[in-house]
Every structure is written in C-alpha cells, then in structure tokens.
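# Residue-level structure breakdown
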Amino acid sequence: MPTRFVRGFREKLSAALNTVDGASGVKLSKCIGVYAFYDYDGEPIYVGQTTEDFGTRIGRHLTGQRSDTLAYRILDPFEVAEMELYPVEHLRQVPATERRPQVDAIEYSVYVQAIQNSKYKAILNEKIPPISPIVDLPASYRFDLVPEDMREDREHPDVRIARRAETLARVAAVAHERGEVSAGLRRVIVIQAVRLADLAAARLAYAEGRARPSPDSIHVPALVGNVMAESGETDASDD
C-alpha cells in the first residue's frame, strides 16, 4: 500500500490528467505536447516533450519508471510540486517530419521561458532541446500536485535539503561508476549542487535571523556555461 502522501499525489495527478483540453476536447492524459515541472518554490526544474501522450510520459516521470532521467535520479519526483502542460493534440495527425519541428519550437520556447523565470538561470535538463525559433505558446494547464494537508511537512527545508543531497549523491555516483557520461549530466550535478547550497544557506540564514542570501551569491551561468545551446548534442530533451 503506497503511503498517504503518494496516494494523495497520485489522486491529484490523475485528476489533472483527466482535465479536458478545451482546444481539442481530449483529456490531457491522451494529448501530446510539452510539459514543465516546478518545485515547492514554484521554481522551474525540468522541461520535456512527448509525442506518445501525457498520461504515459508524465506517469513514467512521476512514478519512477523512466529509464534515463529517473535512472540517473536527475529529477526527484518528490521535488515536483506543480506541473504545467502545453497540449498540441491538433498536431498528432500531422506527418512526423512536419510535426517534429513545431513541437521542438514549443519545447525550446518553454525551456527558454523556464530559464528566464528561474532564479538560477538554469534547470535540470540533461539535454538542451534543439535550438528552434521562439514561438507563441499554446494555452497551458498548470496543476498543484501536493495534497494540501501534507504540504507543510513536505516543503520543510530540512526535508528538501536531505532529498536534494540524496539526489545529488546518486547522480554523482552514476558519473563515478560509468566514468564517461554526457557533459549535460555533469552540468546537472553542478546545478543540483547550487540548488542544494542555496536551500541550505537559506536555512542557515533563517536560524541566524538573517535575510535569505540572494541567488546572485552564486553565478550559475559562470559555472555551467551556455544553457541555451549545447554543441554536439541537439536531440530533443525527452523524446
């Protein structure tokens, strides 16, 4: 039997995916498109796309069945507090050669928007989406996935610090065990380390009665380089 939190999380996820897309009249669970995940601070943490359907792809991400992102523990499903879906069901019947660049453009536009809205100016994508023209985004649906009566415990800084430290350790262990991993995975290690340091510093500041340090205390772009383009790796981030 899953824990009460997991049951509540899955109930909210199921309700979200059962929402009907106004543009197509199809439940979001059966739509294709682009998605974004956010943490307990509303900070964007991951962007991806799917041309199977949201129900299958999101389910894999948030129930621990994804073979790459989740195997590396790049994305901790328990850090996901909100998700936003950009359905493009009208493109499903379009030939793949025409559909792919349109979905890529939406994914890259959502990715750029997430970077701009991130206080770190970087998110946890191992692969940067294919560079594409910035386009107007389709109507999106954003959902809170955390049971309200459990939010206080789950978003407590000490809980989140422990989980981020565990996630960072697992990703670093993958890099150590495999030896040769993508530059993107090593970039994720740096970004996750910064996210951990920022949260731990905020906890210390609170304990000492100081203001939370500015995100500018660590200049992430200076540490990880250009997060808008990646030489030699132009595959879609999640498809």
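Everything here concerns the structure above.
Anyway, here's the lowdown on the structure attached to this text. (Residues numbered from 1 in each chain as written. Predicted model: local features only at pLDDT ≥ 70, side-chain atom pairs only at ≥ 80, totals over all residues. Heavy atoms only, no water.)

### Brief notes about the sheet that holds strand S3 (residues 82–87)
Under the convention used in this document: Two strands pair if DSSP finds at least two bridges between them. Helical segments are the DSSP runs of H or I of at least four residues, strand segments are the runs of E of at least two, and each set is numbered from the N terminus. A fitted line through C-alpha atoms represents every axis, and for helices the fit uses only the stretch in contact; the resulting angles, taken between N-to-C directions, go from 0 to 180 degrees. A contact between two residues is defined here by any heavy atoms of the two lying within 4.5 Å.
With antiparallel pairing, four strands are arranged side by side in an open sheet as S2-S1-S3-S4. Each of the sheet's edge strands pairs with one partner strand only, and the pair in question is strand S2 (44–50) and strand S4 (141–144). The mean angle between the axes of side-by-side strands here comes to 15°, regardless of whether they run parallel or antiparallel. Together, S3 and S4 form the strand contacts of helix H1 (residues 4–17), whose direction differs from that of S3 by roughly 20°. Across the face of the sheet, helix H2 (residues 54–62) comes into contact with strand S1 (33–38), S2 and S3 while running at roughly 25° to S1.

### Details of H2
In an α-helix, one turn spans 3.6 residues; hence positions three or four apart end up facing the same way. The test is simple: Each residue's exposure class comes from its accessible area (1.4 Å probe, protein chains only) as a fraction of the maximum for that residue type: buried when under 20%, exposed when over 50%, partly exposed otherwise. In protein, a polar contact requires one atom able to donate a hydrogen and another able to accept it; more generally it is a pair of N or O atoms within 3.5 Å, and residues adjacent in sequence count only if both atoms are side-chain atoms.
Considered for burial, the residues of H2 that qualify are Phe-54, Arg-57, Ile-58, Gly-59, His-61 and Leu-62. In the core, the buried residues of H2 are packed alongside H1, S1, S2 and S3. Capping the start of H2, Asp-53 holds a side-chain oxygen 3.2 Å from the backbone nitrogen of Gly-55, two or three residues further along.

### With respect to the packing of aromatic side chains
Threshold: Aromatic pairs are defined between Phe, Tyr and Trp rings, using the six-membered ring for Trp, whenever the two ring centres lie within 6.5 Å; interplanar angles under 30 degrees are classed as stacked, those over 60 as edge-to-face, and all others as tilted.
A full pass over the atoms with the stated rule returns five aromatic pairs. When the centroid spacing of 6.0 Å and the interplanar angle of 35° are considered together, the rings of Phe-5 and Phe-9 count as tilted. A residue pair is termed a helical-turn pair when its members lie 3 or 4 positions apart in one helix, as Phe-5 and Phe-9 do in helix H1 at four residues. A relative accessible area of 2% means that Phe-5 is categorised as buried.

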